Each structure stands twice: as structure tokens, then as C-alpha cells.
Amino acid sequence: MDILETENDLIVKADLPGVDLKDVDIRIENGTLSIKGERKFEEKKDNGGYHRIERSYGSFVRYFSLPDTVDPDKVNAAYKEGVLTVTLPKKELAKPRQVKVEVMSN
């Protein structure tokens, strides 16, 4: 998983190749983002057998504590080509802003 922070958002990206979207559950509860899912084992029905299995199968879960700056009501997720992207927008108060300060001479 990768976590990226931009000026307006926190972005979580997870590689989930071979995981069907219906087997993924994304929730925010008590300031925690949870991503749960399951990669099911692909059984081949031919006469051949596996020589080696290195990919992991089964259930998985990841938890991330979210800062108070995230607006949980505006979170969205997209799943494309095996990559899950969860975008967590920052609250307006948490976004950087520029204030011009004038210097007065005495």
C-alpha cells in the first residue's frame, strides 16, 4: 500500500490483482480506515498440477489511523485494473493557505 499526501487530499493506493471488487470492503469508523478483502484460490480443472505457488491467497485486512484533518463524509474510492485508490479529502480548515503580512517600519 502507498499513502500520498497532496495539498487537498490523502490518497491510499493498494495493489489488489486478482481480487474481485465484490470481495473488498472499505470502511471508516472512529477515525480508522479499514480495507478488508479476500483473494480466492483459482483451482484449475485440467490434468496438470502446480509446481510452485508463491502468490498469497485468503483474507486480508489493513487498518490506518486517520488524522483529524480528513473529512470522512467526502471519502471516495475507485478500483481500476487491480489498483484500489481511496481518496480522503482534507477539511477546509486543514488546507494550506497563504496570508500576506505587511511589515510596518517605525
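In case you missed it, the structure is sitting above this.
Residues numbered from 1 in each chain as written. Predicted model: local features only at pLDDT ≥ 70, side-chain atom pairs only at ≥ 80, totals over all residues. Heavy atoms only, no water.

Notes on the nonpolar core
So, step 1. Residues Val12, Leu16, Leu33, Ile35, Leu84, Val86 and Leu88 are the most contacted members of the largest nonpolar core, which totals 14 residues.
So, step 2. Among the elements of the structure, strand S2 (9-15), strand S4 (32-39) and strand S7 (83-89) are those that each provide at least two residues to this core.
So, step 3. Leu16 has contacts with Val24, Arg39, Phe60, Tyr79, Gly82 and Leu84, leaving out every residue within four places of it along the chain. (Core = buried A, V, L, I, M, F, W, Y, C linked by side-chain atoms within 4.5 Å. Buried < 20%, exposed > 50% of the residue type's maximum accessible area, 1.4 Å probe, protein only. Helix = DSSP H or I, 4+ residues; strand = E, 2+ residues; numbered from the N terminus. Contact = heavy atoms within 4.5 Å.)

Some points on the sheet that holds S7
So, step 1. An order of S1-S2-S7-S6 is seen for the four strands of this open sheet, with the pairing classed as antiparallel. The sheet terminates laterally at strand S1 (2-5) and strand S6 (76-80), the two strands that pair on one side only. Within this sheet the neighbouring strands show an average axis-to-axis angle of 15°, counted without direction. (Pairing = 2+ DSSP bridges. Axes fitted to C-alpha atoms, helices over the stretch in contact; angles between N-to-C directions.)

Some words on a nonpolar patch on the surface
So, step 1. Together, Phe41, Tyr50 and Ile53 line one region of the surface with nonpolar side chains, adding up to about 290 Å² of accessible area.
So, step 2. Along the polypeptide, Ile53 turns up in the loop between S4 and strand S5 (58-65).
So, step 3. Since its relative accessible area comes to 46%, Ile53 is described here as partly exposed. (Patch = residues over 30% accessible without salt bridge, like charges linked within 9 Å, V, L, I, M, F, W, Y side chains within 5 Å. Areas by Shrake-Rupley, 256 points an atom, 1.4 Å probe, with all protein chains shown as cover. Salt bridge = Lys/Arg side-chain N within 4 Å of Asp/Glu carboxyl O.)

A look at the pattern of salt bridges
Side chains that differ in charge, positive against negative, can pair when their charged atoms come close.
So, step 1. Within the structure shown, the criterion is met by five salt bridges.
So, step 2. For Lys74, the salt bridge is made with Asp71, and the minimal N-O distance between the two is 3.9 Å.
So, step 3. Accessibility expressed as a relative area gives 52% for Lys74, which makes it exposed.
So, step 4. Connected through salt bridges with shared partners, the residues Lys22, Asp23 and Lys40 form a single ionic network.

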